[in-house]
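Here are the chains, one letter per residue:
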Amino acid sequence: MTTSANPEVAFWLSVQEARDGELEELRKKNGGIPVIIFTGGSSCAFSVRPTIVEKETGLPAINLGLAAGSGSKFIIEQARLKCRPGDILVMALEPHFLVQEGRGRPTQLGISLATVGGDPSMAAGGESFGDRVSLAEFSNFMRPGPRYTATWGGKAIRGDLGYRYKIGDLRAGGWLESAYRPPEVDRLKVMQSRKLSNEGKQLLQNFLSRAAKDRIKVYYSLPWILVDPSIEEQMKANSRSLIAEVSKILPVLKDPNFGIQTNAGFFADSSYHLNREGGTIRSRIIGRSLIPYLSSR
Amino acid sequence: MNFASLQFWFILALCFSLSRVVLLVTRKWASDYDEKASKLCLFATAIVLLASESWLSLIAFFWVVSFGWIAISVERLSSRFSSFCFFILLLAQLAPLIYFKYWDFIFNQVFQLDWRVPSVLIPMGLSFYTFQTISFWVDTQRCKEKVPASLDFLNFCSFFPQIVAGPIERREDLLPQISRTRFNLDFTALDESVRWIVLGLGYKLIVADNLGNLSPLLQIQANNAFHVWFECLVFGLRIYFDFAGYSFIAVGLGLLFGVRLTLNFVSPYWSKNLREFWRRWHVSLGSWLRDYVYMPLGGRGRRWIINTLIVFVVSGLWHGAGWGFLIWGLLHGAGIVICGFGGSVLLPDWFKRLITFTYAIGIWLFFFEQNTGLMLTKALTLVNPVAYLPEMAFSLPAVFQSPSDAVTFALILGLALSALMVEGLDFRQKEEAPRPYRFLRTTPAILMIVFITVWLAPTEESSFIYFNF
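Residue indices follow the written sequence of each chain, beginning from 1 at its first position. Ligands are numbered from 1 and chains lettered from A, in the order in which they are written. Totals for whole chains, interfaces and linings use all residues, but because this is a predicted model, local features are given only for residues with pLDDT of at least 70 and pairs of side-chain atoms are given and counted only at 80 or more. Side-chain measures here rest on the full set of heavy atoms in the structure, leaving out hydrogens and waters.

Asks: Give a description of the overall build of chain B that names residues and reports values.
Replies: Along the backbone of chain B there are 19 helices and zero strands. The globule rule used for comparison is 2.2 Å times the number of residues to the exponent 0.38, while the radius of gyration itself is calculated over C-alpha atoms. Its C-alpha atoms give chain B a radius of gyration of 23 Å, near enough to 23 Å, the size a compact globule of 469 residues would have. In terms of overall dimensions, chain B has a C-alpha envelope of 75 × 55 × 50 Å along the principal axes. Here a residue-residue contact requires only that any non-hydrogen atoms of the pair lie within 4.5 Å. Residue pairs in contact within chain B that sit at least 24 positions apart in sequence constitute 76% of those at least 6 positions apart. Note on areas: Shrake-Rupley, 1.4 Å probe, and residue coverage restricted to the protein chains presented here. Of the roughly 21500 Å² of accessible surface on chain B, 67% is carried by carbon and sulfur atoms. Charge-centre separation for chain B: the mean point of 36 positive side chains lies 7 Å from the mean point of 31 negative side chains. Counting from the N terminus, the helices are DSSP H or I runs at least four residues long and the strands are E runs at least two residues long. Think of it this way: Lys and Arg go in the positive column, Asp and Glu in the negative one, and His and the chain ends go nowhere. The location of each charge is read from NZ of Lys, CZ of Arg, CG of Asp or CD of Glu.

Pasting the structure below:
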């Protein structure tokens, strides 16, 4: 009952529905040629412009990024299920999924989306990982909890019950362009470790193994993040070392700045969401870095 | 053993079910051993629950209890009980506590000896059952009580509702009940038991756990008195609802099996002075310190001020090995001493309660702030008039990272303060021995607590704060 009333769940469900329709159209229009599918958290959903990638690569592209709160396994598994043999899947997962332990468990949002989608086990990663959502987890996460209740109550008092983002923010190709602009975008000021965790390694390896069976080619792209200039160089060094570790498992798309940015002019409403200009630049870089891999196919 | 976890209830149900099978077989084939079998089942349940936490907790428990048993047995075997023997046996029982909890503080912080030991988590409940075992031994010796049956002693030390976080029970209160128990469900006490368990889970899950999840998100400016008071209030509520919640569940579980445990909390934040506060907060620890530290030191004799301060330094250090805990204890002791000089000061009750509440909340700062520099900065902030300027008050919202945090805090704090208000209704009763938390244990209140717990309990599990003691 409360899941259906959750505006965040409703938003992402409507986005998924619209994207599914667009993907179907893409496949019909382009025959059997591979599609480039992007997935990740909101740093992907609000940043990667598939129409730009299409111009660079000549292949149709679509953005299936969700909220990071859906959980890493749900995010990548739901995208894998929409791939066909020969497709290219670009994982633009937020680094914390790969460097922190304990990030692989189902989340409240993931279970809600998976349940309404008809298969709660998707929240635990479905077939790619073989994990299940336990009855305790399901019962636990199907409750609204204090944060949702308080936020919903606060919004109700303000007279604005909707989610921050609207279906009208959805653009061609499935990327989201937020109209919301805070007075100032928060920059990351505290150093973040970027060492690949055991859990992160398992996540990539297991997923890759399943994708290989489906003949899906998987690549990784590091999301862009807005940081304070004081930590720029160290963060780039940390990102370089993460990329070095990840590239031992799957190909990593090149990015001259290793995902670390200090120009707030590229960002929209958060340090992970790009505006049109930033999204265009990033998408161009992604498209160009994909070309060598496409030529070698 | 975390009463708010599914794992605990699952293991308890499993052990209880298995015990029914064992007792069924025993009654059929060896009915003479029925009593012993039921007590063994109770002990086995406690051991399984303790082992499910950690093997270290189990080993430490057996160490303490073994030396406790030796201490009682030595007294039985020899009437010449020298001070040396007493000291050695006391040290042996305290050894795990000293090693796991106080080693670093005593040898490295106080004496600067740099004697490092491997850093491990303190075995669960160590402080509680160590004190309980020691008091059993002292009471046995002092009152020349007869040595109990070994199984009764083991069950006294390990009774699972209270082993990891109290109450610290006395021989005279718990042993007779333990020796009578047959590890059966007491259906006559079912109603009362369920109400205490529901109230405890509500306190823990609705308030304590949610505040525990939200607290790390606070952005406290150490030089802003309103920020620091807010942080103290959040912690003071969290630790009360956490510990009281645990204690209520312990009482409920005890009643379920026919054992009445001490109610460790009796609305302490409604106290009119600190003496009353310590008769209502962690009741069993307060009475333990009174009987085994304060009275042997001389009690309210000539040196009562020193004795009081010593007791509260011990109380502070019992809670944790650190200068902050020591200061916290000392401040409580100082407050008690001031109350001793206060006599019957003519102030309205509401004012006395406000002062006591404010003082108790404020000095939690020394309890939770681990960083010594920050602790001193915040302490000075609390007594600095400049830190109370209006612009400081206006920047209170800056404590929250987002509007969502602010609203969530408001919701949980609102529920916590509402619960405290309902507790206060107990103090309007005219009866001499009011039933504590009676309004919160009425049927409508219990039903509402169940609903709110299901709706608002956090999605992440959180252990009880007092497990670290």
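Asks: Describe empty space enclosed by the protein, with residues and values.
Replies: All names here are of chain A. Cavity means a closed set of points on a 1 Å grid over the protein atoms alone, one where a 1.4 Å probe fits but cannot get out, pocket means an open set with protein on both sides within 12 Å along at least 5 of 7 lines, and lining means a residue has an atom within 4 Å of a point. Grid points are joined across faces, edges and corners, and a volume is the space filled by probe spheres set on the points. Here the structure, examined in full by the defined rule, presents one cavity of 30 Å³ or more. One number sums up the size of the largest cavity: a volume of about 30 Å³. Around the largest cavity, the lining residues are Ser221, Leu222, Trp224, Leu253, Lys254, Asp255, Arg282, Ile285 and Ile286. The nonpolar class holds Ala, Val, Leu, Ile, Met, Phe, Trp, Tyr, Cys and Pro. Asp, Glu, Lys and Arg form the charged class, and all remaining residues, Gly among them, are polar. For the lining of the largest cavity, a count of residues per class yields five nonpolar, one polar and three charged.

Asks: I'd like to hear about the sheet that holds strand β3 (residues 88-92) of chain A, residue by residue, with values.
Replies: Residues and elements named next belong to chain A. Read across the sheet, four strands follow the order β2-β1-β3-β4 without closing on themselves; strand pairing throughout is parallel. Of all strands in the sheet, those bounded by a partner on one side alone are β2 (61-63) and β4 (217-220). Averaged over all adjacent pairs, the angle separating strand axes in this sheet is 20°, with direction ignored. All axes are obtained by fitting lines to C-alpha atoms, using only the stretch in contact for helices, and the reported angles, taken between N-to-C directions, cover 0 to 180 degrees. Sheet strands touched by helix α5 (residues 72-80): β1 (36-40) and β3. Its angle to β1, the strand with the most contacts, is close to 165°. Pairs of strands are assigned from DSSP output, requiring at least two bridges between the strands.

Asks: How would you summarise unusual backbone geometry if you had to cite specific residues and measurements?
Replies: All names here are of chain B. Note the cis peptide between Gly166 and Pro167, where omega equals 5°. By the secondary structure assignment, Pro167 is in the loop between α6 (150-158) and α7 (171-180). If you check the backbone angles, Gln112 has positive phi at about 55° while not being a glycine. Note on placement: Gln112 falls in the loop between α4 (83-110) and α5 (126-142). Judged by its relative accessible area of 60%, Gln112 falls in the exposed class. Look at His282: it is not a glycine, yet its phi comes out positive at around 45°. Following the sequence through the fold, His282 ends up in the loop between α10 (274-280) and α11 (283-297). Buried residues are those whose accessible area, probed at 1.4 Å on protein chains only, stays under 20% of the maximum for their type, while exposed residues exceed 50% and partly exposed ones sit between those limits.

Asks: Which residues make up the interface of chain B and chain A, and what values go with them?
Replies: Tallying the contact residues gives 17 residues for chain B and 14 residues for chain A. Summed over both partners, the accessible surface that disappears when two parts come together, traced with a 1.4 Å probe, is what is meant by buried area. A buried area of about 1200 Å², summed over both sides, lies between chain B and chain A, and 61% of it is on carbon and sulfur atoms. Whenever a carboxyl oxygen of Asp or Glu lies within 4 Å of a side-chain nitrogen of Lys or Arg, that contact is scored as a salt bridge. The interface formed by chain B and chain A contains one salt bridge. One salt bridge in this structure joins Arg147 of chain A and Asp405 of chain B, with 2.7 Å as the shortest N-O distance. In protein, a polar contact means a hydrogen-donor-capable atom and an acceptor-capable atom, both N or O and within 3.5 Å, with residues adjacent in sequence counting only if both atoms are side-chain atoms; elsewhere, any N or O pair within 3.5 Å suffices. At the surface where chain B touches chain A, the tally comes to eight residue pairs in polar contact (both at pLDDT 80 or more). Breaking the side of chain B that touches chain A down by element, the ones donating at least two residues are α8 (190-214), α18 (403-425) and α19 (443-456) of chain B. Take the side of chain B that touches chain A: its biggest share by element is six residues, from α18 of chain B. In the side of chain B that touches chain A, the residues fall into eleven nonpolar, five polar and one charged.

Asks: Please provide a residue-by-residue account of the packing of aromatic side chains, values included.
Replies: Note on ring pairs: Phe, Tyr and Trp rings are taken, using the six-membered ring of Trp, and paired if centres are within 6.5 Å. Classes follow the plane angle, with under 30 degrees stacked, over 60 edge-to-face and the rest tilted. Taken as a whole and judged by the stated rule, the model has 68 aromatic pairs over all chains. Relative to Trp12 of chain A, the ring of Phe11 of chain A lies with its centre 5.0 Å away and its plane at 75°, an arrangement referred to as edge-to-face. The exposure class assigned to Phe11 of chain A is buried, which follows from its relative accessible area of 5%. Here the aromatic rings of Phe159 of chain B and Phe160 of chain B are separated by 5.9 Å at their centres, their planes lie at 50°, and the arrangement is tilted. If you follow Arg20 of chain B out to its NZ or CZ, it ends over the ring of Phe183 of chain B, 5.7 Å from the centre. In this arrangement the basic side chain of Arg300 of chain B is found over the ring face of Trp304 of chain B, its NZ or CZ atom lying 4.3 Å from the centre. Here, over-ring charges are defined by two tests on the NZ atom of lysine or the CZ atom of arginine: distance to the ring centre within 6 Å, and angle to the ring normal within 35 degrees.

Asks: Give me α7 of chain B: which residues, what numbers.
Replies: Along α7 of chain B, the residues that are buried comprise Arg171, Leu174, Leu175, Gln177 and Ile178 of chain B. On its buried face, α7 of chain B sits against α2 (34-53), α5 and α6 of chain B.

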